[in-house]
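# Chains, contacts and geometry: an overview
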Amino acid sequence: MYDLCIMNGKIITHKESFLGTLCIKDGVIAEILPPSESSVSKNTIDATGKLLFPGAIDCHSHFQVPGYTYRENFATGSRAAAVGGITTVIDMPLNNEPAIITPEAFALKKQLVEGQSYVDYAFWGGLVDDNLNQIKALYDIGAIALKGFLSPVKEGDFVTLKLEQLVQAMTITEPLGIPIGLHCENYELLHDGKLHSVAENRNTVDDFLSVHSPYAEYLAVKNAVDACRKTGARLHICHVSHPDAAELVREAQRQGFPVTAETCPHYLGFTNEMLYQKGSLAKCTPPLRSQQEVDRLWKYLIDGTLSCIGSDHSPAAPEEKDDSRLTIWESWGGLNSIQFLMPFFYHL
């Protein structure tokens, strides 16, 4: 006897779709039966007219635990993930306080999250300028990947990684087989561009987009890929927003280097017109791009260059997105998005 049978639904796999019955026992799919075949179970759900998708894996979430739970906690974030069709999240080492850059911080996060999640989960560890000696310990305690920033970032202990430090880190991660994921926007272009814009009181959306330019993303991705070529270490490019950056990934993949990349639903379904219309509510980094660039980015998803979709879910309190008192530079750069991932992408 099965614990649950979901009957008469249209089952979607990576190869085909068909009507059938999902039979579940002890929390796993035990059998898939044709509609004509009867089954015995403790409970049944009639899914007539419904689509049954496999649960999605979100490789890029920010659930704010520990440290920023005024925005969200792991229980609310994971419930939102389940609503969005996601059954596994891989949570980032920031926005956390302390940042997850030591095994002690990793253990604290694991302790705080235990029993709080509605979905399966794993954790990224953090990679910053002064924790290269912690890489092996983070790997040993369970970090499945390490996240670093080539762009400006300063949130507690989480700071920017210099290129020479990235190469050093890769010589450590290469024999371990653990990937390094990077936020790729060029540090100098962003830092200096923002500094000059603020000094000159240039605070428009156009000013923001000019600083967070496609070239800033392209240059950082190129530098990251070159580090991969030099070391042979696994590299993952987070939230690719622009087709020129995706082309660098495709070239490296064709040459046999261990580079993967993700994009996000908002880079495939929204354009920078949303930023003009909604202001900081639509602010993220890298930013939303033009319609032409969005159309070109789809090609790299379809051909497999961009091998996964991450929500980059990063919620904020309302006052952190308040354009009446914050400039485009001061407002929070992140989207509350995980609950929309599967429905949004399905309708694109």
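Shown above is the structure to which this text applies.
Residues numbered from 1 in each chain as written. Predicted model: local features only at pLDDT ≥ 70, side-chain atom pairs only at ≥ 80, totals over all residues. Heavy atoms only, no water.

## Describing the environment of Asn-272
By relative accessible area, Asn-272 is classed as buried at 15%. Residues Asn-272 and Ile-237, spaced 35 residues apart in sequence, show a C-alpha to C-alpha distance of 21 Å. Ignoring sequence-local partners within four residues, the contact set of Asn-272 consists of Leu-209, Leu-288, Arg-289 and Ser-290. (Buried < 20%, exposed > 50% of the residue type's maximum accessible area, 1.4 Å probe, protein only. Contact = heavy atoms within 4.5 Å.)

## Let's talk about the nonpolar core
Leu-182, Leu-235 and Ile-237 are the most contacted members of the largest nonpolar core, which has 69 residues in total. With seven residues, helix H7 (residues 214-231) is the largest single contributor of residues to this core. Residues contacting Leu-235, with those up to four places away along its chain left out, are Met-170, Ile-180, Leu-182, Ala-224, Val-225, Cys-228, Pro-258, Val-259 and Thr-260. In terms of nonpolar packing, the next biggest core, distinct from the first, is built from eight residues, Phe-149, Val-153, Phe-158 and Val-159 among them. (Core = buried A, V, L, I, M, F, W, Y, C linked by side-chain atoms within 4.5 Å. Helix = DSSP H or I, 4+ residues; strand = E, 2+ residues; numbered from the N terminus.)

## Notes on the sheet that holds strand S6 (residues 56-61)
Adjacent strands of a sheet form backbone hydrogen bonds with each other and so pair up, either parallel or antiparallel. In space, the three strands of this open sheet follow the order S6-S7-S8, with parallel pairing throughout. Both outer strands of the open sheet, S6 and strand S8 (120-123), are each paired with one neighbouring strand and no more. Taken over all neighbouring pairs, the strand axes of this sheet differ in orientation by 20° on average, direction set aside. Looking at chain direction, strand S7 (residues 86-91) and S8 are connected through four bridges and run parallel. Note on S8: the bridge partner recorded for Val-89 is Tyr-121. (Pairing = 2+ DSSP bridges. Axes fitted to C-alpha atoms, helices over the stretch in contact; angles between N-to-C directions.)

## What about the pattern of salt bridges?
Opposite charge on two side chains permits pairing when their charged atoms draw close. This structure, assessed with the given rule, holds 13 salt bridges. Between Glu-217 and Arg-289 there is a salt bridge, and its shortest N-O distance comes to 2.9 Å. Here Glu-217, found in helix H7, pairs with Arg-289, found in the loop between helix H10 (272-278) and helix H11 (291-302); they are 72 residues apart in sequence, far enough to count as distant. No difference in accessibility class separates Glu-217 from Arg-289, as the two residues are buried. A salt bridge links Lys-222 to Asp-226; the shortest N-O distance between them is 3.1 Å. Residue Lys-222 and its partner Asp-226 are both found in helix H7; the two are separated by four residues, about one turn of the helix. For Lys-222, a relative accessible area of 35% corresponds to the partly exposed category. In this structure, a network of salt bridges that share partners links the residues Glu-200, Arg-202 and Asp-207. (Salt bridge = Lys/Arg side-chain N within 4 Å of Asp/Glu carboxyl O.)

## Some details on the packing of helix H8 (residues 243-254) against H11
Orientation of H8 relative to H11, taken along the N-to-C sense of each, is 20°, at an axis distance of 9 Å. In terms of orientation, H8 lies roughly parallel with respect to H11. Relative to H11, the crossing made by H8 is left-handed. Along the contact surface, H8 presents Pro-243, Asp-244, Ala-246, Glu-247 and Arg-250, while H11 presents Glu-293, Arg-296, Leu-297, Lys-299 and Tyr-300. (Parallel < 35°, antiparallel > 145°, perpendicular 65-115°, else oblique. Left-handed = near helix turned anticlockwise from the far one by under 90°.)

## Digging into H8
Compared with an ideal rise of 1.5 Å per residue, which puts twelve residues at 16 Å, H8 spans 16 Å between its outermost C-alpha atoms and is within 8% of the ideal. Check the buried side of H8 and you find it contacts H7, strand S14 (235-237), strand S15 (259-263) and H11. (Expected span 1.5 Å × (residues − 1).)

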